[in-house]
Amino acid sequence: MTPSHTPTMKDVAARAGVSLGTVSKVINHITVGEKNRVKVEKAIRELGYEVNTYARGLKTQETKLITLIVPDTMNPFFAAFTQYVERTLYEHGYKLILCCANGIPEKEIGYLNLASQSKTDGIIALTYTDVSSAIPSRIPLVSFDRYFEDHDVPMIASDNFQGGYAGTKKLWALGCHHPVFVRFRSKFPSEADKRLEGYLSACQELGIKPDYLDQIDAIDEKKILIDFIEAHMDFRGNLTFDGVFANTDRQGYLVMKILKERGIRIPENVQILGFDGIRKYGIDEGALFISSMCQPVEELARLCVETLLKKRQGTVVPTLSLLPVSYCYGGTTLREP
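Residues numbered from 1 in each chain as written. Predicted model: local features only at pLDDT ≥ 70, side-chain atom pairs only at ≥ 80, totals over all residues. Heavy atoms only, no water.

Draft legend 1. Examining the sheet that holds strand 11 (residues 320-323) more closely. Across the sheet, which stays open at both edges, the six strands sit in the order 2-1-3-4-5-11 with parallel pairing between neighbours. Two strands close off the open sheet at either side, each with one partner strand: strand 2 (95-100) and strand 11. Neighbour to neighbour, the strand axes of the sheet diverge by 20° on average, direction disregarded. Across four bridges, strand 5 (residues 155-158) lies against strand 11 in parallel orientation. (Pairing = 2+ DSSP bridges. Helix = DSSP H or I, 4+ residues; strand = E, 2+ residues; numbered from the N terminus. Axes fitted to C-alpha atoms, helices over the stretch in contact; angles between N-to-C directions.)

Right under this line is the structure:
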């Protein structure tokens, strides 16, 4: 055998002194005699043989590969979600193909087409653009946070309405009598839009006049926030709100930076609450960027994987599955008595 020769199953069979069928059974985790299994595994190690997953998938219609499409992995929430999806897939004997689309529709459509052509066994998509036309009909797909009309796509999400409602009541309980809500969002509807609905519902119940910023596909978020904050200053330069509920932790963190630049103390003057629960150091419980309504990211990722695998097996799965969020202190709200 020359150094450039890529070892094949036939080479493994010859080295182990067994039939090609025996090698195939070992590779596919089918029971064989212990003696033959040991010989085959030893030959595989000595030859450096690697299973061609794609080629095997062409024959078996199963590649053991799952495609995950996320906006990016710079955002700690998406990074943590990716980590937990990969871990859960590995536990079930699958491998992950990661695609970062950066919110660009053409990239997301390209990745969906690539997943379809590559014989992937399924797709988990976290997308905030319109990719309905590119959803492959023959490959099971599970959506995180986004509902696709006219498609049999189950959606997994946090209970965003409950989170918006509970977060507003938490700010009220911590002494905020005029909490505002700020959000920047995509023009394409998602389950996360219900966070504002939860805020409005809580305001009505508490007798608070709703006050919110709602921007679609904004380019300069910082300028828009500065204008919003300046519009809420009285003639003495004092803010007319005492709490901010941000649609995401990232948006809440930006609000905090702007307010601190103006000498406003957080949380003494203004309390800030975000939504997501992203952390500076991965899973460190004490490393939240800001106080937040935390999504159960590990449970969400696990549910996405398990729902996808059930759908792949032909099991009927719920159209919508929601998991509860919980308040987590992160230094930008007052400590509870």
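Draft legend 2. Looking closely at the environment of Val-270. Mapped onto the elements of the fold, Val-270 is located in the loop between helix 10 (249-261) and strand 9 (271-276). On the accessibility criterion, Val-270 (1% relative accessible area) is buried. Linking Val-270 and Leu-334, residues 64 residues apart in sequence, is a C-alpha distance of 9.5 Å. When residues no more than four places from it in sequence are discounted, the contact partners of Val-270 are Leu-239, Phe-241, Asp-242, Gly-243, Val-244, Leu-259, Ile-264, Arg-265 and Thr-332. (Buried < 20%, exposed > 50% of the residue type's maximum accessible area, 1.4 Å probe, protein only. Contact = heavy atoms within 4.5 Å.)

Draft legend 3. Structural context of the pattern of salt bridges. In total, this model carries 16 salt bridges according to the counting rule given. The partner of Arg-302 in a salt bridge is Glu-91, with the nearest N and O atoms 3.0 Å apart. A residue pair is termed long-range when its members are at least 10 positions apart, and Arg-302 in helix 11 (residues 297-312) and Glu-91 in helix 5 (residues 76-91) qualify at 211 residues. Looking at Arg-302, the relative accessible area reads 26%, which means it is partly exposed. Taking relative accessible area as the criterion, Glu-91 reaches 49% and is therefore assigned partly exposed. Here Asp-214 and Arg-183 are joined by a salt bridge, their closest N and O atoms 2.7 Å apart. In this pair, Asp-214 is assigned in strand 7 (residues 212-216) and Arg-183 in strand 6 (residues 179-185), connecting sequence segments 31 residues apart. The partly exposed category is assigned to Asp-214, whose relative accessible area is 27%. If you follow the salt bridges from partner to partner, you end up with Arg-15, Lys-42 and Glu-46 in one network. (Salt bridge = Lys/Arg side-chain N within 4 Å of Asp/Glu carboxyl O.)

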